[in-house]
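Here is how the chains run, residue by residue.
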Amino acid sequence: MEIGSSTRQDEKAAGLFARSCLWLKLLPQEFIAKVCGVGGNIKKLAKDDPRRVIHSIKVGLALSVVSLFYYYQPLYHNFGVSAMWAVMTVVVVFEYTVGATLGKGLNRGMATLVAGALGVGAHHLASLSGHIGEPILLGFFVFLQAAVSTFIRFFPKIKARYDYGLLIFILTFCLISVSGFRDDEILEMAHKRLSTIFIGGASCIIISILVCPVWAGEDLHNLIALNMDKLGNFLEGFGGEYFNSTSTVNQESKDDNKAFLQGYKSVLNSKSSEDSLANFARWEPGHGRFKFRHPWEQYLKIATLTRQCAYRIDALHARLNTSELQASMEIREKIQETCTKISLETGKALKELASSMRKMTKSPSADVHVKSSKLAAKSLRSLLKSNLWENIDLLEVIPSVTVASILLDIVNCTEKIAESVHELASLANFKTTALDSCTSDSDKAEKRNFDCPQVVLTIEDHQVSPENEKTLARP
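Think of each chain on its own: its residues are numbered from 1, step by step along the sequence as written. The predicted origin of the model limits local features to residues at a pLDDT of at least 70 and limits the giving and counting of side-chain atom pairs to 80 or more, whereas totals for whole chains, interfaces and linings rest on all residues. Where side-chain values are given, they derive from all heavy atoms of the structure, hydrogens and water being excluded.

A. Here's a closer look at the nonpolar core. Counting 59 residues, the largest nonpolar core has M228 and L316 as its most contacted members. Every helix listed is a DSSP run of H or I at least four residues long, and every strand listed is a run of E at least two residues long, numbered separately from the N terminus. Mapped by element, the contributors of at least two residues to this core are helix 9 (216–242), helix 11 (265–268), helix 12 (271–281), helix 13 (296–320), helix 14 (329–359), helix 15 (365–385) and helix 16 (394–427). Of the residues forming this core, the biggest block, 13 residues, is contributed by helix 16. Here, residues are in contact when the closest pair of their heavy atoms is within 4.5 Å. Discounting residues that sit within four places of it in the chain, L316 has contacts with F234, L235, F238, V403, I406, L407 and I410. Counting residues in hydrophobic clusters, the runner-up holds 17 residues, among them V87, A115, Y164 and I207. Remark: nonpolar core denotes a set of buried residues (Ala, Val, Leu, Ile, Met, Phe, Trp, Tyr, Cys) joined through side-chain atoms within 4.5 Å. Here the term buried applies to any residue with accessible area under 20% of the maximum for its type, exposed to any over 50%, and partly exposed to those in between, with areas from a 1.4 Å probe on protein chains only.

Next comes the structure, spelled out in structure tokens:
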């Protein structure tokens, strides 16, 4: 028994030693694999948006500049330890876009100026009340401004644009008024802190604007256009996918080409990005194609309509993945032509609107597709009201009617988006382009068909009576 027990212990120890040796042997390989994985992620992140690398360099440059106030003896002699406030300002103020940096910088500068002045005034009033009453008055002033400022932060519009400024206001007022109780040189302290904060904020704003600027307004403009493009791509390909018009293509190539069916999903969760970009864009000065007081609110209106259209497209996408509720081929063939036409024309309209937004031009080509989709929608409504659905099982009709109803709703959404884009074009003074600049001859033909009314002449063969024959023969 003792021999068997010792043998098992030796085997266990040998197994543990072997596993330890194997782990130590594989450790360098795992370490190299992790390092390569991190390097690949860094490369992908930088490749997706090279502006991120430039932004990192800009932050380092701004910190290096303001650090001179601490390293350079003459500057340090003038500002002292307060020079560190310039470094702190750069760290908290410098943001990715110009609008975000301007917003934070102006919020911090104005809040520091106002709070510093009120803090000095509160300290002066409290000092007039004597040694006993001074701390009581200071505590009351601190309580009053903190309570009022915190309550004001709950207003949605204030919170969206000035929340950071109110936080800095509370902090600066407390620092100036409370520290002034123990420090007699309160004016000098306030002056140094205010100066260094302005220096740090100015450094951030200047570097952000002059060195490869990233404009929030331009990002918002491109994001809205990209979202409409994604919806257009889905709608252009939905008809073929739902009605299996691409059945001749092998399954492998079909799977490769279905990536466009997933692009719309990013539009569903883009509200927070759009709101923040619009808020930052309001702080930015006129730049490039975007003049001062550009109608950024109209972008949010277009984004809301685009997102509503994306929700309906999500319902259409669910019909592609619900095989147990698919309608029979006979029923689907009845609505295939009109539904495919609606899907194709609304997709083309959204892509034309996205293109005109990118180029900031007024293009009438989108209206051609909107009119065509409305005509197809009218035909589909007539078809749904006809007697084609008699003697058909109701459960077989429901899936097709559901798809048709969603497509009709998408036509209305597309029309609203087109109206909003046209309104933006008027507000932002987009350039006007002629119809001859349409991308395809078919679009021009459709436009001519809409503009030129068709006149039909009907000739009826009437028999001439003998009395009328005499009348016609009389000179």
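Text resumes after the structure shown.
B. Spotlight on the pattern of salt bridges. Salt bridge, as used here, is a side-chain nitrogen of Lys or Arg placed within 4 Å of a carboxyl oxygen of Asp or Glu. In total, this model carries 15 salt bridges according to the counting rule given. K104 is the partner of E95 in a salt bridge, and the nearest nitrogen-oxygen pair spans 3.0 Å. Residue K104 is classed as partly exposed on the basis of its relative accessible area, which comes to 24%. Of the charged contacts, one joins K271 and D275 as a salt bridge, the two residues approaching to 2.7 Å between their closest N and O atoms. Of this pair, K271 and D275 both sit in helix 12, four residues apart, which is roughly one turn of that helix. For K271, a relative accessible area of 43% translates into the label partly exposed. You can call D275 partly exposed: its relative accessible area is 30%. Salt bridges linked by common partners bring D49, R51 and D219 together as one network.

C. Expanded view of a nonpolar patch on the surface. Patch definition: residues above 30% relative accessible area lacking any salt bridge, with like charges linked at up to 9 Å and the nonpolar side chains Val, Leu, Ile, Met, Phe, Trp and Tyr linked at up to 5 Å. Exposure was quantified through the Shrake-Rupley algorithm and a 1.4 Å probe, taking into account, for residues, occlusion by the shown protein chains and nothing else. Among the surface-exposed residues, F140, F143, L144, V148, F151, I152, F154 and F155 lie close enough to one another that they form a single nonpolar patch of about 850 Å² accessible area. The residue I152 is located in helix 6 (residues 130–152) in this model. On the accessibility criterion, I152 (30% relative accessible area) is partly exposed.

D. Inspection of the packing of aromatic side chains at higher detail. Stacked, edge-to-face and tilted are the three classes for Phe, Tyr and Trp ring pairs, Trp counted by its six-membered ring, which pair at centre distances within 6.5 Å; planes under 30 degrees apart are stacked, over 60 edge-to-face, the rest tilted. Under the definition given, this model contains eight aromatic pairs. On the numbers, 6.4 Å between centres and 25° between planes, the contact of F169 with F173 is stacked. Of the two residues, F169 and F173 are both situated in helix 7 (residues 156–179); the distance of four residues between them amounts to about one turn of the helix. F173 sits in the buried class, given a relative accessible area of 5%. Judged by centre distance (5.3 Å) and plane angle (35°), the ring pair of W296 and Y299 falls under tilted.

E. Expanded view of the packing of helix 5 (residues 98–127) against helix 6. Taken N-terminus to C-terminus, the directions of helix 5 and helix 6 make an angle of 145°; their axes are 7 Å apart at the nearest point. Every pair of crossing elements has a handedness; the one defined by helix 5 and helix 6 is right-handed. Side by side, helix 5 and helix 6 meet where A122, H123, L125, A126 and S127 of the first sit next to G130, E134, L137, L138 and F141 of the second. Here the contact of helix 5 with helix 6 is built from residues that sort into six nonpolar, three polar and one charged. Between N-to-C directions, angles cover 0 to 180 degrees, with each direction set by a line fitted to C-alpha atoms, over the stretch in contact for helices. Crossing handedness is read from the near helix: turned anticlockwise from the far helix by less than a right angle, it gives a left-handed crossing, and turned clockwise, a right-handed one. Following the grouping adopted for this structure description, the nonpolar residues are Ala, Val, Leu, Ile, Met, Phe, Trp, Tyr, Cys and Pro, the charged ones are Asp, Glu, Lys and Arg, and the polar ones are all others, Gly among them.

F. Broad picture of the environment of T150. On the secondary structure map, T150 appears in helix 6. When the C-alpha atoms of T150 and I170 are compared, they prove to be 8.5 Å apart, with 20 residues separating the residues in sequence.

G. Molecular detail of unusual backbone geometry. If you check the backbone angles, M360 has positive phi at about 55° while not being a glycine. Within the secondary structure, M360 is located in the loop between helix 14 and strand 1 (361–362). On the accessibility criterion, M360 (7% relative accessible area) is buried. Phi at N429 is positive, roughly 60°, even though this residue is not glycine.

H. Quick look at the confidence of the model for the protein chain. pLDDT expresses, on a scale from 0 to 100, how confident the predictor is about each individual residue. When pLDDT is averaged along the protein chain, the result is 80; 81% of the residues meet or exceed 70. The least confident element of the protein chain is helix 18 (residues 466–473), whose mean pLDDT is 42; the most confident is helix 12, at 93. A low-confidence stretch, residues 245–254 (pLDDT under 50), is modelled with seven contacts involving residues beyond four sequence positions or located in other chains. Segment residues 436–475 is flagged for pLDDT under 50; beyond a separation of four residues in sequence, or across chains, it makes 22 contacts in the model.

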